[in-house]
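Understanding the architecture of this molecule
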Amino acid sequence: MSALRNSIRTGFFGRAFAVLGAANAVSAAVEAGRRPRAGDLRELGIDPASFSQVSR
């Protein structure tokens, strides 16, 4: 049971850190006036093709 519990925690925390990292990368790119990486946008659930249609 301990291995299953550790697997769930690792999966949850790993996913949470991936989302936070992607959000940070996208935020920094937008603030710098650059286009964010497609992988970071996908990690956040944003379609990379439609991101360029968003206006400020």
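The numbering scheme is per chain: residues are counted from 1 as the chain's sequence reads. Local features are withheld for residues below a pLDDT of 70 in this predicted model, meaning they are given only at 70 or higher, and side-chain atom pairs are given and counted only at 80 or more; totals for whole chains, interfaces and linings count all residues. Working from all heavy atoms in the structure, the side-chain values ignore hydrogens and water.

1. With respect to the confidence of the model for the protein
So the rule is basically this: By definition, pLDDT measures how confident the predictor is in each residue, and it falls between 0 and 100. Only DSSP runs of H or I reaching four residues or more are called helices, and only runs of E reaching two or more are called strands; each is numbered from the N terminus.
Here the protein averages 86 in pLDDT, while 80% of its residues score no lower than 70. Least confident of the elements in the protein is helix 1 (residues 2–31), whose mean pLDDT is 84; most confident is helix 2 (residues 38–43), at 95.

2. Things to note about the pattern of salt bridges
Cut-off, in case you're wondering: Counted as salt bridges are all cases of a side-chain nitrogen of Lys or Arg within 4 Å of a carboxyl oxygen of Asp or Glu. Accessible area is worked out with a 1.4 Å probe on protein chains only. A residue is then buried under 20% of its type maximum, exposed over 50%, and partly exposed in between.
Evaluated as defined, the whole model comprises two salt bridges. The salt bridge partner of glutamate 43 is arginine 15, with a shortest N-O separation of 2.2 Å. Here glutamate 43 is found in helix 2, whereas its partner arginine 15 is found in helix 1, with 28 residues between them in sequence. A relative accessible area of 25% places glutamate 43 in the partly exposed class. With its nearest N and O atoms 3.2 Å apart, the salt bridge here joins aspartate 40 to arginine 37. Overall, the relative accessible area of 11% leaves aspartate 40 in the buried class. Judged by relative accessible area, arginine 37 falls into the exposed class, the value being 61%.

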